[in-house]
Protein chains: 2
Amino acid sequence: MVGQPDAIAPYLSAADASLRSRLRVVAAETVIPNDAKPSHAIRNSRGSSMRIALELVKRGEAQAVVSAGNTGALMGLATLLLKPLEGIDRPALVTVLPNQRKSKTVVLDLGANVACSSAMLVQFAVMGAVLAEEIVGIPAPRVALLNIGEEECKGLDNIREAAAVLKTTPAIDYIGYLEGNDLLSGKTDVLVCDGFVGNVTLKTMEGVVRMFLSLLKPAGDKPRSAWWLRWLGRWIQKRVAKRFGHLNPDQYNGACLLGLRGTVIKSHGAANQRAFAVAIQQAVQAVQRQIPERIALRLKAVLPKSD
Amino acid sequence: MVGQPDAIAPYLSAADASLRSRLRVVAAETVIPNDAKPSHAIRNSRGSSMRIALELVKRGEAQAVVSAGNTGALMGLATLLLKPLEGIDRPALVTVLPNQRKSKTVVLDLGANVACSSAMLVQFAVMGAVLAEEIVGIPAPRVALLNIGEEECKGLDNIREAAAVLKTTPAIDYIGYLEGNDLLSGKTDVLVCDGFVGNVTLKTMEGVVRMFLSLLKPAGDKPRSAWWLRWLGRWIQKRVAKRFGHLNPDQYNGACLLGLRGTVIKSHGAANQRAFAVAIQQAVQAVQRQIPERIALRLKAVLPKSD
């Protein structure tokens, strides 16, 4: 637990002794502000909690970093300190979304790279496939590119070029283009896109889900309805919330920064206690399944062939 | 009604005489296939129903075209025949979405232009503002750019450049960047993005809405549940469908191709009868409110100042 001791102490003193005995506080002098410009934050990162935590991973004193801080600074500092794997140009932010087929879909990039070359999209496909195998447990995951149509001629140049490479990469089960409406349909196990589109898509999906969950709450505009109607309203809400619970964004908090020589998890800045615990679990899983090592192995097997 | 008479006749013969007397069938020899590559379709468009319909508008014999056909071909042919307004580089596809504040949000571009210059984004902002005023009835519509963060430094170059221009355009009430989760929040009246992002975003939203609506249907896995549970399930479904009905994609079918010297409405290819009627209503509204003429006027007032 890296941070300013004065800020951490009040929370720790309220915690169980058994918990405290398993925690070590590493003091940091500063904290990178959430609204800092990443380039500026990185230049002035010495002594900051984020940098110290990443250095612990670099030196092998910690196995993973979980941070709810400045996304741009975390990506920049992690890339600087932990270095990309061989064959990776830039790391990608990835998450595992629930889908309609009661399985899960790996989606990347979610915003680490606003513009992506076709080579980067291919690298994302490889990394996503490893994650789907190791974390979701799908033996030969299907990989698709997010596009605005399913025909070959559709979309941007980098997407069409990545499709051409993936088609001739036997180690990847590439199934073609999918559109936005298939984000949760489960038609693919891995969905690849650039960071701008991925970020907007994920946030759109979360916005609609949260709106539905809020609309399901009993309407506040009929306070004088009969007691049994109000009771029924609450009953309906519970029933529906149960059916939609797995779509609640809190359930899949924590995007993994994939492609580095270490495990870095980015939690949503507004995560509550439960959501942050999910992000920590993701870090544990990534370390246990040796995700960085497995990606490095797969890259060696796949990427030379695509040149 | 332009098309192959043999294909139209069976439907017309079943219709009321009062309806038939208001319809005129204009014969076309061919139909542009849905899966045709747009460039190829346009080169071979002579005699096709789509081209003849657009030529009727060009000659002033019809006031608007509504088509559920090949999107790329419709955009290309419409631009070729009806020409962009002065000050418009390329037309944009626009729709009017319901939002959480019980108002409506104008969103563009939805896929007419996969890549957009900053000048095009500014033109979209002007066209969207006119539509929000004339169709939604908002006197001074707020205009936002879709981005991956609200800070000024975020996003792609073309978006940042468009923001700089919009900020100094007094005729536009530019309120800054919004993220994907604000698509339906009603924080803005006009949301501007490039056609790739807009298409993916809209389809993601529709996919999630349709998934929710399908999840609200009574579960089919409990056929032996008590009659009153099944009755309650249907009651809940009706109640919730009523609350969410305005979000059903059928309710806002029909994207307007904005920026041309004529009115062109693109219906969803899979639109049902009700959804197609909505698209026709949109065409009527666009003609009645003289949308192309009003956009031309606004462009004259706004665009020179931003140069």
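Throughout this document, residue positions are counted from 1 along each chain, in the order its sequence is written. The lettering of chains begins at A and the numbering of ligands begins at 1, in the order of writing. Local features in this predicted model are restricted to residues of pLDDT 70 or higher, and side-chain atom pairs are both shown and tallied only at a pLDDT of 80 or more, whereas totals for entire chains, interfaces and linings draw on every residue. Only hydrogens and water are set aside when side-chain values are computed; all heavy atoms of the structure are taken into account.

Novice: Report on the overall build of chain A, specifying residues and quantitative values.
Specialist: Of regular secondary structure, chain A possesses eleven helices and ten strands. Looking at chain A as a whole, 52% of its 307 residues are labelled buried. A sequence separation of at least 24 residues applies to 69% of the contacts in chain A between residues at least 6 apart. Counting from the N terminus, the helices are the DSSP runs of H or I reaching at least four residues and the strands are the DSSP runs of E reaching at least two. Exposed residues in this analysis have more than 50% of their type's maximum accessible area, buried residues have under 20%, and partly exposed residues fall in between, with area computed by a 1.4 Å probe over protein chains only. In this description, contact between two residues means that some pair of their heavy atoms is separated by no more than 4.5 Å.

Novice: Any chance you could break down the sheet that holds strand E10 (residues 263-266) of chain B for me, citing the residues and the numbers?
Specialist: Each strand in a sheet pairs with another by means of backbone hydrogen bonds, the pair being arranged parallel or else antiparallel. All names here are of chain B. Strands sit in the order E3-E10-E9-E4-E5-E8-E6-E7 across an open sheet of eight strands; the sheet is mixed. Both outer strands of the open sheet, strand E3 (64-67) and strand E7 (173-178), are each paired with one neighbouring strand and no more. Averaged over all adjacent pairs, the angle separating strand axes in this sheet is 25°, with direction ignored. The strands touched by helix H4 (residues 49-58) are E3 and E10; relative to E3, the strand with the most contacts, the crossing angle is about 160°. Note on geometry: axes are C-alpha line fits, over the in-contact stretch for helices, and angles between N-to-C directions span 0 to 180 degrees. Taken strand by strand, helix H6 (residues 118-136) contacts strand E4 (92-98), strand E5 (104-108), strand E6 (142-146), strand E8 (190-192) and strand E9 (255-258), and its axis lies near 150° from that of E5. Pairs of strands are assigned from DSSP output, requiring at least two bridges between the strands.

Novice: Summarise the sheet that holds strand E4 (residues 92-98) of chain A; cite the residues concerned and give the values.
Specialist: All names here are of chain A. Strand order in the open sheet formed by eight strands is E3-E10-E9-E4-E5-E8-E6-E7, with mixed pairing between adjacent strands. The open sheet has two edge strands with one neighbour each: strand E3 (64-67) and strand E7 (173-178). Neighbour to neighbour, the strand axes of the sheet diverge by 25° on average, direction disregarded.

Novice: Could you give an account of the confidence of the model for chain A, with specific residues and numbers?
Specialist: The share of residues in chain A with pLDDT of 70 or more is 90%, and the mean pLDDT across the chain is 88. Interface predicted TM-score (ipTM) for the complex: 0.85; the corresponding pTM is 0.88. Each residue carries a pLDDT score, the predictor's confidence in it, ranging from 0 to 100.

Novice: Now, about helix H6 (residues 118-136) of chain A: what can you tell me, with residues and values included?
Specialist: All names here are of chain A. To estimate the expected span of a helix, count its residues, drop one, and scale the result by 1.5 Å. With 19 residues, H6 extends 26 Å from end C-alpha to end C-alpha; this agrees with the ideal 27 Å at 1.5 Å per step. Most of H6 is tucked away, with 15 of its 19 residues classed as buried. Downstream of H6 by one or two residues, Gly137 has phi in the positive range, about 80°.

Novice: Help me get a handle on helix H10 (residues 273-288) of chain A, residues and values and all.
Specialist: Residues and elements named next belong to chain A. Spanning 16 residues, H10 covers 23 Å between terminal C-alpha atoms, matching the ideal 22 Å at 1.5 Å per step. Residues of H10 that are buried: Ala275, Val278, Ala279, Gln282, Ala283 and Ala286. The buried residues of H10 occupy one face: seen down the axis, they fall within an arc of 145°. Away from its buried face, by an angle of more than 90 degrees, H10 presents the exposed residues Gln273, Gln281 and Gln288. Next to the buried residues of H10 lie E3, H6, strand E10 (263-266) and helix H11 (291-302). In the segment just after H10, Gln290 is the residue with positive phi, at about 50°. This arc is built from the directions going out from the helix axis to the C-beta atoms.

Novice: Which residues make up unusual backbone geometry, and what are the values?
Specialist: Across residues other than glycine, the phi torsion is negative in most instances, and most of the peptide bonds are trans. Between Leu108 of chain A and Asp109 of chain A the backbone carries a cis peptide bond, its omega angle lying at 0°. By the secondary structure assignment, Asp109 of chain A is in the loop between strand E5 (104-108) and H6. We note that Lys83 of chain A has phi near 60°; this positive angle belongs to a residue other than glycine. You can see Lys83 of chain A is positioned in the loop between helix H5 (71-82) and E4. Look at Gln290 of chain B: it is not a glycine, yet its phi comes out positive at around 50°. Classification of Gln290 of chain B as partly exposed rests on a relative accessible area of 41%.

Novice: Give me the lowdown on the nonpolar core, citing residues and values where you can.
Specialist: Nonpolar core, defined: a set of buried Ala, Val, Leu, Ile, Met, Phe, Trp, Tyr and Cys residues in which side-chain atoms within 4.5 Å join the residues together. Leu54 of chain A together with Leu54 of chain B are the most contacted members of the largest nonpolar core, which has 167 residues in total. In this view, Leu54 of chain B contacts Val65, Leu74, Leu77, Ala78, Leu81, Leu82 and Val264 of chain B; residues no more than four positions away in its chain are not counted.

Novice: So what's going on with the pairing of strand E6 (residues 142-146) of chain A? Residues and values would help.
Specialist: Residue and element names in this part refer to chain A. For E6, the tally of buried residues reaches four of five residues, placing the bulk of the element in the interior. In this sheet, E7 lies alongside E6 in parallel orientation, the contact comprising five bridges. When the bridges of E7 are listed, Ala144 appears paired with Gly176. With helix H7 (residues 157-167) bridging E6 and its parallel neighbour E7, the resulting β-α-β unit is right-handed. Where E6 lies against strand E8 (residues 190-192), three bridges are found, and the strand directions are parallel. Bridge assignment links Val143 to a residue of E8, and that residue is Val190. Viewed with both strands pointing away, a crossover whose connecting path from the first strand over the helix to the second turns clockwise is right-handed.

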